[in-house]
Amino acid sequence: MQRHHIINPPITQTRYRRFDAFIRTMQQMHGPDERIEATVARLRDWRIDYVVPLHCTGLPAMCALQKGLRNRCVIMNVGDSLEL
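Everything numeric in this text was worked out from a predicted model, so none of it was measured.

Asks: Would you mind showing me how to read the pairing of strand β1 (residues 18-24) here?
Replies: The two faces of a sheet get side chains in turn, since along a regular strand they alternate between them. For β1 and strand β2 (residues 47-53), the ladder comprises six bridges, and the chain directions are parallel. In the strand pairing of β2, I23 is matched with V52. Assessed by its sense of winding, the connection that carries the chain from β1 through helix α2 (residues 33-45) to β2 is right-handed.

Here is the structure:
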């Protein structure tokens, strides 16, 4: 079974394999748990120092990202900053 995730377009079209941060709304993570899990797994495979899901990502997906990526997932609020 093919695992569907939302990461292909922004990341796999680059030749770089290490990123300081992936800051993005992940609205497409709404949906089946399998899609959320596949997206978290894909992000875990890449060398990304910080994954910052924006508010449209939704609470279930943010919780899955926090659980799967641990300290690499940064949940931010209005006025927060992240030093790279």
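Asks: Please explain helix α3 (residues 59-69) as it appears in this structure.
Replies: For the α-helix, the turn length of 3.6 residues means that residues three or four positions removed from each other point alike. Among the residues making up α3, those that are buried are A61, M62, L65 and L69. Angularly, the buried residues of α3 cover 100 degrees about the axis, an arc narrow enough to put them on a single face. The exposed residues of α3 that point more than 90 degrees off its buried face are L59, P60 and K67. Buried positions along α3 lie against α2 and β2. Just downstream of α3 lies R70, where phi reads positive at about 55 degrees.

Asks: Help me understand the packing of α2 against α3 in this model?
Replies: A pair of packed helices is characterised by two quantities: the angle between their axes and the separation of those axes. The N-to-C vectors of α2 and α3 enclose an angle of 40 degrees; their axes lie 10 Å apart at closest approach. One element, α2, and the other, α3, form an angle in the oblique class. Where α2 crosses over α3, the two elements pack in a sense that is right-handed. Listed contacts from α3 to I36, V40, L43 and R44 of α2 are A61, A64, L65, G68 and L69.

So, how was this worked out
Residues numbered from 1 in each chain as written. Predicted model: local features only at pLDDT ≥ 70, side-chain atom pairs only at ≥ 80, totals over all residues. Heavy atoms only, no water. Pairing = 2+ DSSP bridges. Helix = DSSP H or I, 4+ residues; strand = E, 2+ residues; numbered from the N terminus. Right-handed = clockwise from strand over helix to strand, strands pointing away. Buried < 20%, exposed > 50% of the residue type's maximum accessible area, 1.4 Å probe, protein only. Arc of directions from axis to C-beta. Contact = heavy atoms within 4.5 Å. Axes fitted to C-alpha atoms, helices over the stretch in contact; angles between N-to-C directions. Parallel < 35°, antiparallel > 145°, perpendicular 65-115°, else oblique. Left-handed = near helix turned anticlockwise from the far one by under 90°.

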